[in-house]
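Residue strings, one per chain:
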Amino acid sequence: MILFTTEFKAGELAGMLIGVILGAIILGAIIGFFITRAMVKKQLKDNPPVTEKQIRAMYMSMGRKPSESDIKKTMRAMQQAKK
């Protein structure tokens, strides 16, 4: 007993092939979206963005009291460095 003995016409085979390829692309995009989203969430959890409070603590650990302009200048420098 032979299982897949159906013969396809050229148009049917091409249509089925295109459908399978498009389905695989759509499925891959959906899976890729969820994997990427999970990775970004993990990265943000492990390495949160630097806050003004953290910059203030950094200045204090170096033994100087930061002014508000120092903190703003450091924040701007860090944002420009990311670009």
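Criteria and thresholds
- Residues numbered from 1 in each chain as written.
- Predicted model: local features only at pLDDT ≥ 70, side-chain atom pairs only at ≥ 80, totals over all residues.
- Heavy atoms only, no water.
- Helix = DSSP H or I, 4+ residues; strand = E, 2+ residues; numbered from the N terminus.
- Rg over C-alpha atoms; globule rule 2.2 N^0.38 Å.
- Areas by Shrake-Rupley, 256 points an atom, 1.4 Å probe, with all protein chains shown as cover.
- Lys, Arg positive; Asp, Glu negative; His and termini not counted.
- Charge placed at Lys NZ, Arg CZ, Asp CG, Glu CD.
- Buried < 20%, exposed > 50% of the residue type's maximum accessible area, 1.4 Å probe, protein only.
- Contact = heavy atoms within 4.5 Å.
- Salt bridge = Lys/Arg side-chain N within 4 Å of Asp/Glu carboxyl O.
- Phe/Tyr/Trp six-rings, centres within 6.5 Å; stacked < 30°, edge-to-face > 60°.
- pLDDT = per-residue confidence, 0-100.
- Domains from an automatic or database assignment.
- UniProt positions renumbered as here; feature names shortened; annotations may be inferred.

J.: Help me understand the overall build of the protein chain in this model?
T.: Helix and strand counts for the protein chain come out as three helices and zero strands. From first element to last, N terminus to C terminus, the protein chain shows the α and β order α-α-α. Taken against the 2.2 N^0.38 rule, which gives 12 Å for 83 residues, the C-alpha radius of gyration of the protein chain at 28 Å runs more than 25% over that of a compact globule. By principal-axis analysis of the C-alpha atoms, the protein chain measures approximately 85 × 25 × 10 Å. Total accessible area on the protein chain stands at roughly 7600 Å², and carbon and sulfur atoms take up 68% of it. Considering the protein chain, the positive charge centre built from 14 side chains and the negative charge centre built from 6 side chains are found 13 Å apart.

J.: What's the story with the side chain of threonine 74 in this structure? I'm lost.
T.: For threonine 74, the location among the structural elements is in helix H3 (residues 68-82). Classification of threonine 74 by relative accessible area gives buried; the value is 15%. In this structure threonine 74 touches Ile55 and Tyr59, once residues within four positions along its chain are discounted.

J.: Even after reading the chapter, I still don't get the pattern of salt bridges, so can you show me in this structure?
T.: Summed over the entire model, instances satisfying the criterion amount to four salt bridges. Of the charged contacts, one joins aspartate 70 and arginine 64 as a salt bridge, the two residues approaching to 2.8 Å between their closest N and O atoms. Judged by relative accessible area, which is 15%, aspartate 70 ranks as buried.

J.: Explain the packing of aromatic side chains here, please?
T.: Each pair of aromatic rings is reported with the distance of its centres and the angle of its planes. Applying the stated criterion across every chain yields a total of one aromatic pair. For the ring pair phenylalanine 33 and phenylalanine 34, a centre distance of 5.2 Å and an interplane angle of 75° mean the geometry is edge-to-face. Assessed through its relative accessible area of 47%, phenylalanine 33 is described here as partly exposed. Under the relative-accessibility criterion, phenylalanine 34 is labelled partly exposed at 45%.

J.: Teacher, can you tell me more about the confidence of the model for the protein chain here?
T.: Caution applies to low-pLDDT regions: their predicted coordinates should not be interpreted in detail. Per-residue pLDDT for the protein chain has a mean of 87; in total, 92% of the residues score no lower than 70. Model confidence for the protein chain, summarised as mean pLDDT per element, is weakest for H3 at 87 and strongest for helix H1 (residues 10-46) at 93.

J.: Would you take a moment to explain the domain arrangement of the protein chain for this structure?
T.: Interfaces are often sized by the accessible area lost when the parts come together. What the domain assignment lists for the protein chain is domain 1 (10-47) and domain 2 (49-82). When each unit is reduced to the centre of its C-alpha atoms, the spacing between domain 1 and domain 2 is 41 Å.

J.: Please explain the UniProt feature "transmembrane region" (unreviewed entry) in the protein chain as it appears in this structure.
T.: The feature "transmembrane region" (unreviewed entry), as given by UniProt, occupies residues 13-35 in the numbering adopted here. Within the segment residues 13-35, helix and strand shares are 100% and 0% respectively, and the terminal C-alpha atoms sit 33 Å apart.

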